[in-house]
Structures are given as structure tokens and as C-alpha cells.
Amino acid sequence: MKFNFNIKKEWEEVKRFEKLSDEERSIVFYSENKHDFIYYQSIIKQLTDFYNKKICYVTSNKLDPMLKNNHEKILTFYIGTGIACAKFFINLKSKIIIMTMPDLETFHIKRSKVQNVHYVHILHSLNSVHVALRKNALDNFDAIFCASNYHIDEIRGAERAYNLPKKILVEQGYGRLENLLEDVKNKKVYLDNKKNDRKIILIAPSWGPNGLIETIGKEIVEILLNFDYDVILRPHPMTLRKSKKLIEEISNKFENNPNFTLEIETKDSDSFFTCDCMISDWSGVAIEYAFSLEKPVLYIDVPQKIFNPDFNQIGIIPMEDRIRNQIGEIISPQNLSDIPLSIENLFKKSEEIKKTIQKIRSETVFNIGNSGDVGAKYIIDFLDKTN
């Protein structure tokens, strides 16, 4: 059946949800974009397959692949981003809702006005929350599924610094990392049999006016190609949206070079797994890359993107500040000509860096391999208490 995703359809979906029984809509997962499912996947699998629970998966993205799922325990709804979406949240009747989207109550997504719903936030980055999120981004959630011990320290620090009530902090883990680690295993044969010995460098930075691509992207690509590396440029989706002209300029400049690839669609791409080194700035994907592939990252020290200008009040050095020199190397934007030398030095130290990455990962990330079990158990225990 072909769906016509329009305003009428969105209202029909909201009404269809509201007609469900209390039991059927007791657990809701909300997805803002088509990639959110990767953070919920292991939790949903545990809830449906182990606990035999029915869940509602509500999305604002019409391209969300979950809309095509046919699991009998997963009910899917598309509500768009407009007035139907706002009405859905204001009139939500459910026991618990889980979402990766922060800033509850700040913009159009509000807490329910008709029922005391339990709001759970799942962190969707391994970056430090007191820098990577707005100051009040988590204030209106009841519980946070934390990926690491530093997330707990940062949230508790914010509660003390800003005199906030304590939230429930769950030592859950990071499903995205587990997926990547599993992908590494599945692609191992392919990775071990690359067609040639040419080194592949993946450029995967964050976005914004001070971002790597936005400021010195063309220069970095040119330096790498001149040193005879294979180069894959993987812009952040927001860079693709806000800097289209720049991306076109880069594409036109290097499109005839067989060693250059511009990667627009990032999900499930092999470049993440086949590259030998990543170049980034402050992007959370750099930590994901290091922790899953156990390979080095070369950081270009452009200004950090800070969403909370008051983060220093918390008195905690952000994780991305602390580990950059341990999982890779930092180079100044004024010394771009040294990039090839820095990359070769990282290759020489790759075994040492690999051991360091393994140690940091084991000491910081919760429940690697069973974060879904922990998240699902919290949800089930909460439902049992409310019942």
C-alpha cells in the first residue's frame, strides 16, 4: 500500500493512536528522524521478543524505515512535525515515552497536559552533555538513559550548579556503539581483504560556521590527495543542508580525481569501516569511530561548538577535550601541511593507540553488549510499579 503522507494522513495517524487501548499505548518510542531507531533497537527487541510487550513507535519522518516494519508487536505511526505532532504530545495518554530528542518543553514538543507520562531521554552521542546540549535540554525529563560514567557526573554537576531537582539516571549504555561493534565483526572478512594497500582517510566532522568543512575543507582534501591517499569526504547532514554551495564547489573541484569520494548517504556505508584513519573536529562520531574500530583520529583544532555557554560552571572538563590526545592527535588549522606527517605518526603508534582506546572504552561506557537488557528492564520495572 502506498501512503500519501500529508496533513490529513498525520491527523488520521494521531486519531488511530488515540483509539488504542491503555495497554497497547503504554510504551511509546518517539523518533524525530529516520536514524533514531538505531538507539532504540536493542531495547525494543528485548521488550517485544523477551518480555512479549507491544510498543508504539511514533515518528516525525516520513522516510523512517520502521514505517515499513511488520512486527506484530510494533505499532507504527507517522505524525509529521506540524500541528498534528504538537497535538499528539499535548494529549498523550501513555505510561512511558522514550526519545532521543532533547529540549522537551522548549520548542513544539511539550509534556502531556492530560496524563502523568514518564519521560525518558536516551543520549544519542558520546560527547559530553553539558557542552553538546543546551543548558536546559534535559531539565524536563524524568529519567535519562546514560551511556557513560562521565554523562552521570555531568548531569549531576548541572543539577548542583543550576539548583535543579535530581533526575533518575540509569546506567544503560550506548546501543549505537554495540551496533557498530557488531558490524565490525560482520565485515571483518571484507576489511581484511581490501583490494590494495592504499591508505583511506575519512573526513567526518561536525557542522557549523566554525566546522572543518565550512572553514578549511577544500584545503584538507587537496593536501591528502597530493600525498596520494584515498580520500572520502563525509559531510554532516546539517552541512549538506546549510552549505550546499560549498559542497558543490568541493565536488566540482575534485570530482575528476579517482581517489576522491564525496559521500552523501552515510547510513550503513562501508567507508566508516574500511578507512584507516578519521579526520574530524569535535564530532561525536569520532569517538564512535575510535571506540568501535579501535583506530586513530586526527583532530583539527577548530573552535569547539558549544551549545551551553555556561558549561564552565559545572567544573567538569568535557570528555572530548580529555581523550583527543589519547585516541589520536591534535593539529592546529595553521599547520595543515603537517597533516600527512601526523597521519603517518598515528599509523606507527596504531597498536599503542588501540590498547588505549580499549582501556578508555571499558572504563567509561556502560554495559557494552547488553544495554538493551538494562533499558528494557527499567521500562518493565517502571510499568510494574505504576500498575
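Relevant structure appears above.
Residues numbered from 1 in each chain as written. Predicted model: local features only at pLDDT ≥ 70, side-chain atom pairs only at ≥ 80, totals over all residues. Heavy atoms only, no water.

Draft legend 1. Geometry of the packing of aromatic side chains. Applying the stated criterion across every chain, the model contains 13 aromatic pairs. For the pair Phe50 and Tyr51, a centre-to-centre distance of 4.9 Å together with 90° between the ring planes defines the contact as edge-to-face. Three or more aromatic residues link up through ring pairs in this structure, and these residues are Phe17, Tyr30, Phe77, Phe88 and Phe89. Against the face of Phe347 rests Lys199, its NZ or CZ located 4.8 Å from the ring centre. Looking at Arg324, its charged tip hangs above the ring of Trp282, at a distance of 3.7 Å from the centre. (Phe/Tyr/Trp six-rings, centres within 6.5 Å; stacked < 30°, edge-to-face > 60°. Lys NZ or Arg CZ within 6 Å of the ring centre and 35° of its normal.)

Draft legend 2. Region of the structure containing the side chain of Ser243. Position of Ser243 among the secondary structure elements: in the loop between helix H9 (237-242) and helix H10 (244-254). The exposure class assigned to Ser243 is buried, which follows from its relative accessible area of 17%. Once you skip the residues sitting within four places of it in the chain, Ser243 turns out to touch Glu214 and Met238. (Helix = DSSP H or I, 4+ residues; strand = E, 2+ residues; numbered from the N terminus. Buried < 20%, exposed > 50% of the residue type's maximum accessible area, 1.4 Å probe, protein only. Contact = heavy atoms within 4.5 Å.)

Draft legend 3. Geometry of the sheet that holds strand S11 (residues 277-280). Strand order across the open sheet formed by 6 strands is S10-S9-S8-S11-S12-S13, with parallel pairing between neighbours. Looking along the sheet, the strands with just one partner apiece sit at the ends: strand S10 (260-262) and strand S13 (328-331). Sheet twist, expressed as the average angle between the axes of neighbouring strands with direction ignored, equals 20°. Strands S11 and strand S12 (297-300) of the sheet are contacted by helix H12 (residues 284-293), whose axis makes an angle of about 165° with S11. (Pairing = 2+ DSSP bridges. Axes fitted to C-alpha atoms, helices over the stretch in contact; angles between N-to-C directions.)

Draft legend 4. Unusual backbone geometry, seen in detail. The phi torsion at Asn52 lies on the positive side, around 60°, for a residue other than glycine. One can find Asn52 in the loop between helix H2 (37-50) and strand S2 (55-59). One non-glycine residue, Glu105, adopts positive backbone phi at about 80°. Checked against the element boundaries, Glu105 lands in the loop between strand S4 (96-99) and strand S5 (118-122).

Draft legend 5. Looking closely at helix H5 (residues 149-161). Helix length check: H5 (13 residues) gives 18 Å between terminal C-alpha atoms against 18 Å at 1.5 Å per residue, within 8%. Looking at the buried side of H5, the elements it contacts are helix H4 (129-132), strand S6 (143-146), strand S7 (168-171), helix H13 (319-327) and helix H15 (350-364). Just downstream of H5, Asn163 is the residue with a positive phi angle, here 55°. (Expected span 1.5 Å × (residues − 1).)

Draft legend 6. Here's a closer look at helix H14 (residues 339-348). Of all the positions in H14, only Ile339, Pro340, Ser342, Ile343, Leu346 and Phe347 are classed as buried. Taken around the axis of H14, the buried residues stretch over an arc of 160°, which confines them to a single face. What points out from H14, more than 90 degrees from its buried face, is the exposed set Leu341 and Lys348. Those residues of H14 that are buried are in contact with strand S8 (200-203), helix H8 (212-226), S11, S12, S13 and H15. (Arc of directions from axis to C-beta.)

Draft legend 7. Structural detail: the pattern of salt bridges. Tallying each qualifying case throughout the model produces 23 salt bridges. The shortest N-O distance in the salt bridge between Lys9 and Glu13 comes to 3.4 Å. Taken together, the positions of Lys9 and Glu13, both in helix H1 (residues 7-18) and 4 residues apart, correspond to about one turn of that helix. Across the pair, Glu13 and Lys9 agree in class, each one buried. Arg16 is the salt-bridge partner of Glu13, the closest N and O atoms lying 3.1 Å from each other. (Salt bridge = Lys/Arg side-chain N within 4 Å of Asp/Glu carboxyl O.)

Draft legend 8. Representation of the environment of Glu329. Within the element layout of this structure, Glu329 appears in strand S13. The class for Glu329 is buried, based on a relative accessible area of 19%. A C-alpha to C-alpha distance of 25 Å links Glu329 and Leu133, two positions 196 residues apart in sequence. Separated by 3.0 Å, the side chains of Glu329 and Ser342 make a polar contact. (Polar contact = N/O pair within 3.5 Å; in protein donor to acceptor, adjacent residues only side chain to side chain.)

Draft legend 9. Here's a closer look at empty space enclosed by the protein. For the structure on display, the rule yields 4 cavities of 30 Å³ or more. Considered as a void within the structure, the largest cavity measures approximately 160 Å³ in volume. Lining the largest cavity are 18 residues, and of these Arg134, Lys135, Leu138, Asp139 and Ala158 sit closest to its centre. Counting only elements with at least two residues in the lining of the largest cavity, the list comes to H4 and H5. With 4 residues, the single largest contributor to the lining of the largest cavity is H5. (1 Å grid on protein atoms, 1.4 Å probe; cavity = no way out; pocket = protein on both sides within 12 Å on 5 of 7 lines; lining within 4 Å. Points joined across faces, edges and corners; volume = space filled by probe spheres on them.)

Draft legend 10. The arrangement of the nonpolar core in detail. Ranked by internal contacts, the top residues of the largest apolar core, which has 120 residues, are Phe29 and Ile279. Look past the residues within four positions of Phe29 in its chain and what remains in contact with it is Tyr40, Ile43, Ile44, Leu47, Ile55, Cys56, Tyr57, Val58, Ile98 and Ile379. (Core = buried A, V, L, I, M, F, W, Y, C linked by side-chain atoms within 4.5 Å.)

Draft legend 11. Summary view of the sheet that holds S6. The 7 strands are arranged S3-S2-S1-S4-S5-S6-S7 in an open sheet whose pairing can be described as parallel. Sheet topology places strand S3 (74-78) and S7 at the edges, where each strand pairs with a single neighbour. For this sheet, the mean angle separating the axes of adjacent strands, direction not counted, is 20°. Taken together, the 4 bridges between strand S1 (residues 27-31) and S2 define a ladder with parallel strand orientation.

Draft legend 12. Spotlight on the packing of H2 against helix H16 (residues 371-386). Viewed as axis vectors pointing N to C, H2 and H16 meet at an angle of 55°, and their least axial separation amounts to 8 Å. Between H2 and H16, the interaxial angle falls into the category oblique. The two elements H2 and H16 cross, and the hand of that crossing is right-handed. Across from Ser42, Ile43, Gln46 and Leu47 in H2, the residues of H16 making contact are Ser371, Gly372, Asp373, Gly375, Ala376, Ile379 and Ile380. When grouped by side-chain class, the residues that make up the contact of H2 with H16 number 5 nonpolar, 5 polar and 1 charged. (Parallel < 35°, antiparallel > 145°, perpendicular 65-115°, else oblique. Left-handed = near helix turned anticlockwise from the far one by under 90°. Nonpolar A, V, L, I, M, F, W, Y, C, P; charged D, E, K, R; others polar.)

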